[in-house]
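Topology and contacts: notes
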Amino acid sequence: SSGCGSSADRLAHLPEAIRAKIDNHPCFSEDAHHHYARMHVAVAPACNIQCHYCNRKYDCSNESRPGVVSELLTPDQAVKKVLAVAANIPQMTVLGIAGPGDPLANPERTLETFRQLSEKAPDIRLCVSTNGLALPGLVDEICKHNIEHVTITINCVDPDVGAKIYPWIFWNNRRIKGRKAAEILIAQQQKGLEMLVERGVLVKVNSVLIPGVNDAHLKEVSRIVKEKGAFLHNVMPLIAEPEHGTFYGLMGQRGPTNEELQTLQDACAGDMAMMRHCRQCRADAVGMLGEDRGHEFTLDKIEAME
Ligand code: SF4
Ligand code: SF4
């Protein structure tokens, strides 16, 4: 395989087994993203936490830009869509489940989609993203379905910071608020990370940079997740556009400037490859990175293709 110079060098320190998995992956190799396509299927409507920055009119900010909410699919519809896209876009090699809520807060729907796909399209590489709350309990299921990598959104490792980001979590059938909620979420995220690394599943960590809330703290997050074996830490900007609503409880919260984002990405880079071309794709993105061909593969169009 022939990664391009820059990304190959950037990833040179990673163990061979990890490099083999991220080589030719559109999200991790700057070269591959010109040659391979990815898609997300929106099968996961529910979420088990509330992030202050989430506006549920849109897709989960784990991985997605504000926009129109994705067309929700059942697992059967999602599988149909993936097979139709794969037949029409031969470069389609990667399938992710990233929303519109938290994929692991919808375990039946998410796992059923993976189960069918690993059977019907075994060459497609699978990934999932999550806020991490339900992760430890689902690690064994994730391993069964041969999921190549998991993205955990980790915005903090300190519950005092977390309390400013997460107003509540839904845990053991109860709503838990404040610092206690953040404490549980953080513990679950870290445990999930450790369990996946132990089992050889690649873990990428996403952090949303929220100026004045976790900007000074993200270096510490980066250090800890690297230490625990995350292969990539991706710092993404808070998207605080007027049409995306305000930061719940913090009116007028702004997103970071490009310079603030760059500075933090540099500070966190260390010896770990940083992903700077993540496009925060929508939960139903289809096509090459930076391109969205989802409108060509809506359900009615797929039915018409049959
Ligand atoms: Fe919203 Fe995603 Fe946070 Fe859930 S995890 S509240 S869907 S941003
Ligand atoms: Fe890749 Fe980021 Fe898009 Fe997910 S959101 S498909 S990781 S570029």
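To keep things clear, this report deals only with the structure shown in the data block. (Residues numbered from 1 in each chain as written. Chains lettered and ligands numbered in written order. Predicted model: local features only at pLDDT ≥ 70, side-chain atom pairs only at ≥ 80, totals over all residues. Heavy atoms only, no water.)

1. Some words on the packing of helix α3 (residues 75-88) against helix α4 (residues 107-120)
- Where α3 meets α4, the closest approach of the two axes is 9 Å, and the angle between their N-to-C directions is 40 degrees. When the axes of α3 and α4 are compared, the crossing they make is right-handed. Every residue of α4 that contacts α3 at P75, D76, A78, V79, V82 and L83 is listed here: R109, E112, T113, Q116, L117 and K120.
- Tallied by class, residues from the contact of α3 with α4 come to 6 nonpolar, 2 polar and 4 charged. (Axes fitted to C-alpha atoms, helices over the stretch in contact; angles between N-to-C directions. Helix = DSSP H or I, 4+ residues; strand = E, 2+ residues; numbered from the N terminus. Left-handed = near helix turned anticlockwise from the far one by under 90°. Contact = heavy atoms within 4.5 Å. Nonpolar A, V, L, I, M, F, W, Y, C, P; charged D, E, K, R; others polar.)

2. A closer look at the packing of aromatic side chains
- The final tally for this structure, using the stated rule, is 0 aromatic pairs.
- We note R175 situated over the ring of W168; from NZ or CZ to the ring centre the distance is 4.0 Å. (Phe/Tyr/Trp six-rings, centres within 6.5 Å; stacked < 30°, edge-to-face > 60°. Lys NZ or Arg CZ within 6 Å of the ring centre and 35° of its normal.)

3. Quick word on α3
- The end-to-end C-alpha separation of α3 is 20 Å, in line with the 20 Å expected for 14 residues at 1.5 Å each.
- Listing the buried residues of α3 in full gives P75, A78, V79, K81, V82, A84 and V85.
- Tucked into the core, α3 has its buried residues touching β1 (37-40), β3 (92-97), α4, β10 (286-288) and α10 (299-305). (Expected span 1.5 Å × (residues − 1). Buried < 20%, exposed > 50% of the residue type's maximum accessible area, 1.4 Å probe, protein only.)

4. Remarks on the nonpolar core
- Residues M39, V41, V82, M92, L95, V150 and L196 are the most contacted members of the largest nonpolar core, which totals 52 residues.
- Looking at which element gives the most residues to this core, the answer is α3, with 5 residues.
- When near neighbours in sequence (up to four residues on either side) are disregarded, V82 contacts M39, V41, M92, L95, L117 and I124.
- Within the second largest apolar cluster, 19 residues are counted, among which are I49, C156, L185 and L238. (Core = buried A, V, L, I, M, F, W, Y, C linked by side-chain atoms within 4.5 Å.)

5. Concerning the environment of L196
- Assignment of secondary structure puts L196 in helix α7 (residues 178-198).
- Counting along the chain gives 56 residues from L196 to D140, while the straight-line C-alpha distance between them is 9.0 Å.
- Look past the residues within four positions of L196 in its chain and what remains in contact with it is L135, V139, I142, V150, V201 and V203.

6. Here's the deal with the site of ligand 1
- Looking at ligand 1, there are 12 residues lining it, with C47, I49, C51, C54 and C60 nearest.
- Among the residues making up the shell around ligand 1, the classes are represented as 7 nonpolar, 4 polar and 1 charged. (Near = heavy atom within 4 Å.)

7. Some thoughts on the layout of surface pockets
- Considered as a void within the structure, the second largest pocket measures approximately 190 Å³ in volume.
- Along the wall of the second largest pocket there are 15 residues; nearest its centre are L126, H145, N146, I147 and E148.
- Looking at the lining of the second largest pocket, its residues break down into 7 nonpolar, 4 polar and 4 charged. (1 Å grid on protein atoms, 1.4 Å probe; cavity = no way out; pocket = protein on both sides within 12 Å on 5 of 7 lines; lining within 4 Å. Points joined across faces, edges and corners; volume = space filled by probe spheres on them.)

8. A closer look at the sheet that holds strand β7 (residues 174-177)
- The strand order across the open sheet built from 3 strands is β2-β6-β7, with neighbouring strands paired in antiparallel fashion. Of all strands in the sheet, those bounded by a partner on one side alone are β2 (49-50) and β7.
- With 4 bridges joining them, strand β6 (residues 168-171) and β7 adopt antiparallel strand pairing. Of the residues in β7, the one forming a bridge with W171 is R174.
- Its contacts with the sheet place α7 against β2, β6 and β7, and it is angled at close to 105 degrees to β7. (Pairing = 2+ DSSP bridges.)

9. Some points on the environment of D292
- Mapped onto the fold, D292 is located in the loop between β10 and α10.
- Setting aside anything within four residues of it in sequence, one finds D292 in contact with R282, D284, A285 and V286.

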